[in-house]
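# Structural description and commentary
The residues making up each chain are set out below.
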Amino acid sequence: MKRIPCVLAGLTLLALLWNASLRAQEPVAVEPIIEDGWAWYDATKWPVENKGWLDVDRYFARFPSRAKELIPSAVWNLSQHSAGEVVRFRANTDQIKIRYTLLNGSVAMPHMPATGVSGVDLYAWDTETQTWRWAACTQPSSREFNGVLISGMEKKSRDYMAYLPLYNGIEALSFGVPEGCEFVPLSPRTDKPIVYYGTSIAHGGCASRPGNAYTAMLGRRLNVPVVNLGFSGNARMEMAIADLLGELDAEIYVLDAGPNMSADLINERMVPFVKRLRELRPETPIVLVEDRWYSNHWIVTHRHNTNVANHEAMKNGFAILEKETDNLFYLPADTLLGEDLDSDGTVDCSHPNDLGMYRMTDALEAVLRPIHEKAIQK
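Residues numbered from 1 in each chain as written. Predicted model: local features only at pLDDT ≥ 70, side-chain atom pairs only at ≥ 80, totals over all residues. Heavy atoms only, no water.

## Observations regarding helix H5 (residues 214-222)
The condition is simple: Here the term buried applies to any residue with accessible area under 20% of the maximum for its type, exposed to any over 50%, and partly exposed to those in between, with areas from a 1.4 Å probe on protein chains only. Numbering goes from the N terminus for both helices and strands, where a helix is a DSSP run of H or I of at least four residues and a strand is a run of E of at least two.
Burial runs high along H5: 8 of the 9 residues are buried. Within the sequence span of H5, burial applies to Tyr 214, Thr 215, Ala 216, Met 217, Leu 218, Gly 219, Arg 220 and Leu 222. Positive phi shows up at Asn 223, right after H5, with a value of about 55°.

## Thoughts on the state of the cysteines
We count it as follows: By convention in this document, the label disulfide applies to cysteine sulfur atom pairs within 2.5 Å.
Under the definition given, this model contains 0 disulfides. The structure places no disulfide on Cys 137, whose sulfur is separated from the nearest cysteine sulfur, that of Cys 206, by 15 Å.

## Considering the packing of H5 against helix H9 (residues 354-376)
Axes are the key here: two packed helices are described by the angle between their axes and the distance separating the axes. How we decide: Axis definition: a line fit to C-alpha positions, over the contact stretch in the case of helices; interaxial angles, taken between N-to-C directions, run 0 to 180 degrees. The labels follow the angle: roughly parallel below 35 degrees, roughly antiparallel above 145, roughly perpendicular from 65 to 115, and oblique for the rest. It is the rotation of the near helix from the far one that decides the hand of a crossing: anticlockwise by less than a right angle makes it left-handed, clockwise makes it right-handed. Contacts are residue-level and defined by heavy atoms, with any inter-residue pair within 4.5 Å sufficient.
Running from amino to carboxyl end, H5 crosses H9 at an angle of 45°, the nearest separation of the two axes being 9 Å. One finds that H5 runs oblique with respect to H9. At the point where H5 passes H9, the crossing takes the right-handed sense. Of H9, the residues touching H5 (which contributes Tyr 214, Met 217, Leu 218, Arg 221 and Leu 222) are Met 357, Tyr 358, Met 360, Thr 361, Asp 362, Leu 364, Glu 365, Leu 368, Arg 369 and His 372.

## Digging into the nonpolar core
Going by this rule: Residues belong to a common nonpolar core when they are buried Ala, Val, Leu, Ile, Met, Phe, Trp, Tyr or Cys residues joined through side-chain atoms within 4.5 Å.
Counting 41 residues, the largest nonpolar core has Phe 63, Ile 71, Tyr 197, Leu 229, Leu 245, Leu 255 and Leu 288 as the members making the most contacts within it. Here this core takes 8 residues from helix H7 (residues 263-280), the largest share from any one element. Residues in contact with Ile 71, not counting those within four places in the same chain, are Phe 63, Trp 76, Ala 240, Ile 241 and Leu 244. Counting residues in each nonpolar core, the second largest holds 35 residues, with Ala 202, Tyr 214, Met 217 and Leu 218 among its members.

## Focus: unusual backbone geometry
Omega for the peptide link from Gly 205 to Cys 206 comes to 10°, which places this bond in the cis form. Along the chain, the position of Cys 206 falls in the loop between helix H4 (200-203) and H5. The backbone of Gln 130 sits at a positive phi, close to 55°, despite the residue not being glycine. With respect to the helices and strands, the residue Gln 130 is situated in the loop between strand S4 (121-126) and strand S5 (131-137). Unlike most non-glycine residues, Asn 327 shows phi in positive territory, near 60°. Residue placement: Asn 327 occurs in the loop between helix H8 (301-321) and strand S13 (328-331). The class of Asn 327 is partly exposed, set by a relative accessible area of 23%.

## Quick notes on the packing of H7 against H8
Note the following rule: For this classification, Asp, Glu, Lys and Arg are treated as charged, while Ala, Val, Leu, Ile, Met, Phe, Trp, Tyr, Cys and Pro are nonpolar and the rest, including Gly, are polar.
Following both chains from N to C, one finds H7 and H8 inclined at 25°, their axes separated by 9 Å at the closest point. Relative to H8, the element H7 lies roughly parallel. Helix-helix and strand crossings are classified by hand; for H7 and H8 the assignment is right-handed. Seen from H7, the contacting residues are Ala 263, Ile 266, Asn 267, Met 270, Val 271, Val 274 and Lys 275; seen from H8, they are Ala 309, Asn 310, Ala 313, Met 314, Gly 317, Phe 318, Ile 320 and Leu 321. Residue composition of the contact of H7 with H8, by class: 11 nonpolar, 3 polar and 1 charged.

## A short note on the confidence of the model for the chain
Applicable threshold: For every residue, the predictor states its confidence as a pLDDT score lying anywhere from 0 to 100.
The predicted model of the chain averages 93 in pLDDT, with 93% of residues at 70 or higher. Counted against residues more than four places away or in other chains, residues 1-20, with its pLDDT under 50, gives 42 contacts.

## So, the packing of aromatic side chains
Stated precisely, the cut-off is as follows: Two rings belonging to Phe, Tyr or Trp (six-membered ring only in the last case) form a pair when the distance between their centres is within 6.5 Å. Interplanar angles under 30 degrees mark stacking, angles over 60 mark edge-to-face geometry, and anything in between is tilted. Only when the NZ atom of a Lys or the CZ atom of an Arg is both within 6 Å of the ring centre and within 35 degrees of the ring normal do we say a charge sits over the ring.
Applying the stated rule across the entire model yields 14 aromatic pairs. Between Phe 89 and Tyr 160, the aromatic rings sit 5.3 Å apart at their centres with planes inclined by 20°, giving stacked as the arrangement. Here the residue Phe 89 occupies a position in strand S3 (residues 86-102), and Tyr 160 occupies one in strand S6 (residues 144-163), the gap between them amounting to 71 residues. On the basis of relative accessibility, which here comes to 0%, the residue Phe 89 falls in the buried class. Relative accessible area serves as the criterion here: at 1%, Tyr 160 is assigned to the buried category. A centroid spacing of 4.7 Å and a plane angle of 20° characterise the contact between Phe 89 and Phe 183, whose relative ring orientation is stacked. A residue pair is termed long-range when its members are at least 10 positions apart, and Phe 89 in strand S3 and Phe 183 in strand S8 (residues 182-186) qualify at 94 residues. Taken together through their ring pairs, the aromatic side chains of Tyr 41, Trp 46, Phe 89, Tyr 160, Phe 175 and Phe 183 make up a single cluster. We note Arg 99 situated over the ring of Trp 40; from NZ or CZ to the ring centre the distance is 4.0 Å. When the ring centre of Tyr 294 is taken as reference, the NZ or CZ atom of Arg 292 above it lies at 4.2 Å.

What follows is the structure in structure tokens.
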């Protein structure tokens with residue numbers, strides 16, 4: 001079995017590409033609406049990054065309109081969430097306002113705060129450290145949010161990216177700056193994305209804010225778009241999903257549906273799903289991620305047995321697939337939440353907290369970085 005070493009490849013090539021990637025952002029002309037001395041820019045007037053399809057019912061939805069008749073209704077409903085999507089802009093201002101309307105009025109969950117479920121999370125590019133650094137996050141309490149996103153900044157031009165809510169949809173979104181300040185909407189990067197198909201964990205549960213989801217952290221670390229196709233409780237490798245994934249010209253596909261599948265379902269669906277995706281995309285690397293260990297599997301017998309059965313089914317499927325196709329990789333579960341499988345990494349034995357998200361990013365980066373670096377050298 002081909003297993004991925006947990007040693008990160010060199011950073012030299014990616015470091016050289018950071019500035020080129022930033023320069024590649026094209027300005028988009030958007031006329032503001034002036035209200036009470038503020039210039040408001042409608043984020044539906046310029047393209048969104050980490051979005052797989054443009055033919056959508058709602059501007060910030062994740063699946064195309066035609067998918068509604070092809071996939072389970074629960075998956076369709078979850079695809080209306082804006083998980084992983086990013087709005088980019090450049091501004092020369094000391095403060096930024098935001099107003100947006102959420103799809104759902106339930107802005108939080110018992111195990112996940114409103115900042116993660118329904119917040120908009122702002123990062124700014126720091127020219128001194130050459131990194132994206134966190135700046136601010138909204139704390140919504142209802143469907144309508146209208147207020148200051150950040151203030152008190154030195155007034156100088158910066159690039160920003162705003163991660164959209166993980167477990168809610170966006171009906172309307174605008175950013176405001178004082179009239180006369182620079183605000184330049186930026187187009188998404190055109191690099192091939194990592195396409196990540198998975199469960200509630202990939203969806204973002206239970207990061208405290210959107211930028212702390214591991215798909216978001218991977219995007220910042222590798223400087224690559226990441227299309228988040230996580231569906232809470234509903235990633236079960238339906239063949240229609242394989243067909244949809246195959247429509248995207250991905251740099252890498254990551255398949256992480258194990259936590260939503262039984263061993264029997266893995267045995268039934270995983271091999272045909274991967275074969276279909278490989279038929280549609282013969283050369284694209286595919287990474288299979290083993291079902292993560294429940295963090296209390298050491299003491300709760302049925303959870304341990306579920307994990308063991310799922311892992312065995314996935315290994316068996318991988319053994320079949322690797323005889324028939326190249327560019328296929330397998331990430332075991334043992335390091336996903338840390339090598340010690342530390343129970344401090346989840347909120348409920350299953351969904352990562354911010355620590356768990358960070359550890360999952362480390363484990364996934366060890367797999368994806370060498371594949372990504374090989375791809376961008378071609």
